[in-house]
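What follows is each chain in one-letter form.
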Amino acid sequence: MQHSVEFLLSVVSAAQFPAPRLPEIAFLGRSNVGKSSLLNALAGARAARVSSTPGRTRAINFFSVSNRQRVPKMVFADLPGYGYAKISKSISATWPAFIEPYLAERATLALCVCLVDANVPPRDNDRQLFDWLRARDRAFLAVATKVDRSSGNQRVRSLVALQRDLGLDEILPVSAKTRDGIPDLWRRIAKAAAME
Ligand code: GDP
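Here the structure is a predicted model, which means the values were calculated and not measured.

Trainee: Lay out the pairing of strand S6 (residues 140-145) in plain terms, naming residues and giving numbers.
Mentor: The element S6 is extensively covered by neighbouring structure, given that 5 of its 6 residues are classed as buried. In terms of strand pairing, strand S5 (residues 109-117) meets S6 through 6 bridges, oriented parallel. Among the inter-strand pairings, Leu115 is bridged to a residue of S6, identified as Val143. Note on the crossover from S5 through helix H4 (residues 124-135) to S6: the handedness is right-handed. Taken together, the 2 bridges between S6 and strand S7 (residues 172-173) define a ladder with parallel strand orientation. Counterpart to Val143 in the pairing with S7 is Leu172.

Below you can see the structure in the form of structure tokens.
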């Protein structure tokens, strides 16, 4: 898809959220799940460079996504990775307090893209995130990252296990490395942003 993605701003409190105008797509996942790499694959080098800047990892980083005519069409919200502290089991213990209100109340939030590593069994905090989104009726898309690390039966088995363990209707396999699944993900994002 012919989109351009430009960094907008980095936000560390609810007071700083940009005015809710365009549909927003939020990206969520445990630290190290491959979120920066995926944003990079979706958007080009600029996005990931910004989101990996030290000090911005506890912030929501907003990006403006424009179409071929350079008309802004949607906003990406890159949320901080959760579960960084090894001992912490809950999302909220490692997440700044303003993240939950964002997910609960943001009127323009069209889709939560929730990333899980295709090669790692899900953790409690992944389950909590999906349960939390379901309880609030938030639209989400589960995405399995780094699928290039396995192949054939092993890949299928781990995807089926993830789907079952997390109680998901579907899980979209992607690789930032090989770009497998990236066009599919773009299509799902564009569809959600069009509020179809
Ligand atoms: P983040 O903490 O969620 O932003 O994760 P990163 O994007 O920084 O990636 C974490 C690690 O996983 C890095 O070592 C990446 O090189 C690796 N990684 C990310 N995406 C892929 C992928 O699609 N395939 C493979 N093989 N490795 C990946």
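Trainee: Residues and numbers for helix H5 (residues 152-166), please.
Mentor: For H5, which comprises 15 residues, the first-to-last C-alpha distance of 22 Å matches the rise-based estimate of 21 Å (1.5 Å per residue) to within 8%. Among all positions of H5, only Leu159, Leu162 and Leu166 are buried. Down the axis, H5 shows its buried residues gathered within 60° of arc, on one side only. Residues of H5 that are exposed and point over 90 degrees away from its buried face: Asn153, Val156, Arg157 and Arg164. Buried residues in H5 make contact with S5, H4, S6 and S7.

Trainee: Now, about the environment of Glu170: what can you tell me, with residues and values included?
Mentor: Along the chain, Glu170 falls in the loop between H5 and S7. In sequence terms Glu170 and Val160 are 10 residues apart; their C-alpha atoms lie 9.2 Å from each other. Within the structure, Glu170 has its side chain in polar contact with the side chain of Arg188 (distance 2.6 Å).

Trainee: Help me get a handle on the nonpolar core, residues and values and all.
Mentor: If you look at the biggest cluster of nonpolar residues, it comprises 32 residues, and the most contacted ones within it are Leu28, Ile60, Leu79, Tyr102 and Leu103. If you list the elements that add at least two residues to this core, you get strand S2 (24-29), strand S3 (60-66), strand S4 (72-78), helix H3 (99-105), S5, H4, S6 and H5. With residues near it in sequence (within four places) discarded, Ile60 still touches Leu9, Ser10, Val11, Phe17, Ala77, Asp78, Leu79, Pro80, Phe98, Ile99 and Tyr102. Leu115, Leu141, Ile182 and Leu185 belong to the second-largest nonpolar core, a separate cluster that totals 26 residues.

Trainee: Got a sec to walk through unusual backbone geometry? Specific residues and values, please.
Mentor: Apart from glycine, the bulk of residues carry a negative phi angle, and the bulk of peptide bonds sit in the trans form. Of note, Asp137 is a non-glycine position whose phi angle comes to about 60°, a positive value. Relative to the helices and strands, Asp137 is located in the loop between H4 and S6. Residue classification places Asp137 among the exposed residues on the basis of a relative accessible area of 72%. Phi is positive for Arg179, which is not a glycine, with a value near 70°. The topology assignment puts Arg179 in the loop between S7 and helix H6 (182-193).

Rules used in this analysis
- Residues numbered from 1 in each chain as written.
- Predicted model: local features only at pLDDT ≥ 70, side-chain atom pairs only at ≥ 80, totals over all residues.
- Heavy atoms only, no water.
- Buried < 20%, exposed > 50% of the residue type's maximum accessible area, 1.4 Å probe, protein only.
- Helix = DSSP H or I, 4+ residues; strand = E, 2+ residues; numbered from the N terminus.
- Pairing = 2+ DSSP bridges.
- Right-handed = clockwise from strand over helix to strand, strands pointing away.
- Expected span 1.5 Å × (residues − 1).
- Arc of directions from axis to C-beta.
- Contact = heavy atoms within 4.5 Å.
- Polar contact = N/O pair within 3.5 Å; in protein donor to acceptor, adjacent residues only side chain to side chain.
- Core = buried A, V, L, I, M, F, W, Y, C linked by side-chain atoms within 4.5 Å.

Everything listed here is a matter of coordinates, which is why it stays silent on function.
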